[in-house]
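# Fold and contact review
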Amino acid sequence: MSDDVLYTSDLHGSETHYRQTLDWARRSGVRAILLGGDLAPHGSIADQQAFYERFFLPLFRAYFKKEGAADIWWIMGNDDWAVHVALLERAGMPRLRHAHGRVCAFLDGWSLAGSAFVPASPFALKDWERWEDGLGASTRRDGFRSGADGQPLPFSFVGRERSEAIASEFATIGRQWPEDPSRVICMFHGPPYGTALDQLHGNVHVGSRETRRFLEERRPPLSLHGHIHESPDVSGKFADRVNETVCVNPGQDPRHPLRAVTFRMSDPAGTLRHTLMGAAT
Ligand SMILES: [Fe+2]
């Protein structure tokens, strides 16, 4: 039996990994490809615009013309300038679907809930960062957000911790939650706190407490994450549980072949396979 879905994250503009994603999707016959954020190479607003215009959009335009092409759902991640959402949404590719902040209709009557938001980090780009309590000392409060004119604007969380709370963003998703929670897959860039999926070297947990709280409350069968590239290598696991929710972070490393997971819609959590690490344990 072939797989139905391929999920990967944190490609950070790697042309090799994008091509491997489409090759793997073709070989495994999936009907859906999920891109879990950090789409573009680390760089300026102009650098990332050039990446989308010269590589990303032409790649998928050509892909959708091929027979058997899968539908694609995507979110951005903390390293992507949010000003380019409009560029992707207006590219005239209806099968390239933006899932951030939404609960979308997915395969076989399932729903897909997406969010690019992560807790405030040590990095400067703050477009997809939001505040939550309990953040570590390395958290950077000041940085930049996309300006409407394509220039970065200085931004600070100081005094905005409440209005910028990540919890209110999850509440937006909660309000769209379908009646049947047994058929929802989440695709949230940031992994839940205190799992095998949110560990830096030295086994330091840097995941989101609010993401964990949301999963504990809403109990989807499967939740897909990224953001902490090294966590599967540090913990030795690409899948973990938050109550009955199976959570996944495939990891990513530009020096190695693509890290992704595939699964079947008949049993998404039970059929997980990692491209390099094999079946979930
Ligand atoms: Fe990343």
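Here, every reference points to the structure presented above.
Residues numbered from 1 in each chain as written. Predicted model: local features only at pLDDT ≥ 70, side-chain atom pairs only at ≥ 80, totals over all residues. Heavy atoms only, no water.

## Examining the coordination of the iron ion
The condition is simple: We call an atom a donor if it is N, O or S and sits within 2.8 Å of the metal, or 3.2 Å for Na, K and Ca. Water is not counted, so some sites may look partial. Between 85 and 135 degrees for all angles marks four donors as tetrahedral; over 155 degrees for opposite donors together with 65 to 115 for all other angles marks four donors as square planar and six as octahedral; every other arrangement is irregular. Secondary structure elements are taken from DSSP: a helix is a run of H or I of four residues or more, a strand is a run of E of two residues or more, and numbering for both begins at the N terminus. Only protein chains enter the accessibility calculation, which uses a 1.4 Å probe; a residue whose area is less than 20% of its type maximum is buried, one above 50% is exposed, and one in between is partly exposed.
In the first shell of the iron ion, the protein supplies Asp10 (OD), His12 (NE2), Asp38 (OD) and His229 (NE2), at 2.1 to 2.2 Å from the metal. Every donor counted, the four donor atoms about the iron ion form angles of 89 to 174° at the centre, which fits irregular coordination. Between consecutive donor residues of the iron ion, the sequence gaps follow D-x1-H-x25-D-x190-H. Of this pair, Asp10 sits in the loop between strand 1 (5-8) and helix 1 (15-28) while His229 sits in the loop between strand 14 (222-224) and helix 6 (231-235), and the two are 219 residues apart along the sequence. By relative accessible area, which is 24% here, His229 ends up partly exposed.

## Regarding the sheet that holds strand 16 (residues 245-248)
Let me state the cut-off plainly: Two strands form a pair only when DSSP identifies at least two bridges running between them. Axes, fitted as lines to C-alpha atoms, cover a helix only where it is in contact. Angles between the N-to-C directions of the axes lie from 0 to 180 degrees. Between two residues, a contact is recorded if the distance between any of their heavy atoms is within 4.5 Å.
On the basis of which strands lie adjacent, the open sheet formed by six strands has the order 5-6-11-14-16-15 and mixed pairing. Across the chains shown, the open sheet's two edge strands, defined by having one partner strand only, are strand 5 (103-105) and strand 15 (239-242). In this sheet, neighbouring strand axes are inclined to one another by 25° on average, regardless of whether the strands run parallel or antiparallel. Of the strands in this sheet, strand 5, strand 6 (111-115) and strand 11 (184-188) touch helix 4 (residues 166-175), which is tilted by about 165° from strand 6. The strands touched by helix 5 (residues 209-218) within the sheet are strand 11, strand 14, strand 15 and strand 16, with strand 11 carrying the most contacts at an inclination of about 180°.

## Observations regarding the pattern of salt bridges
Convention followed: By salt bridge we mean one thing: a side-chain nitrogen of Lys or Arg within 4 Å of a carboxyl oxygen of Asp or Glu.
Across all of its chains, the model carries 20 salt bridges by this definition. Among the ionic pairs, Asp108 bridges to Arg31, the shortest N-O distance being 2.9 Å. Placement of the pair is Asp108 in the loop between strand 5 and strand 6 and Arg31 in the loop between helix 1 and strand 2 (32-36), with a sequence separation of 77 residues. For Asp108, a relative accessible area of 41% gives the class partly exposed. Judged by relative accessible area, which is 34%, Arg31 ranks as partly exposed. A single salt-bridge network, built from bridges that share partners, covers Arg130, Arg145, Glu164 and Glu169.

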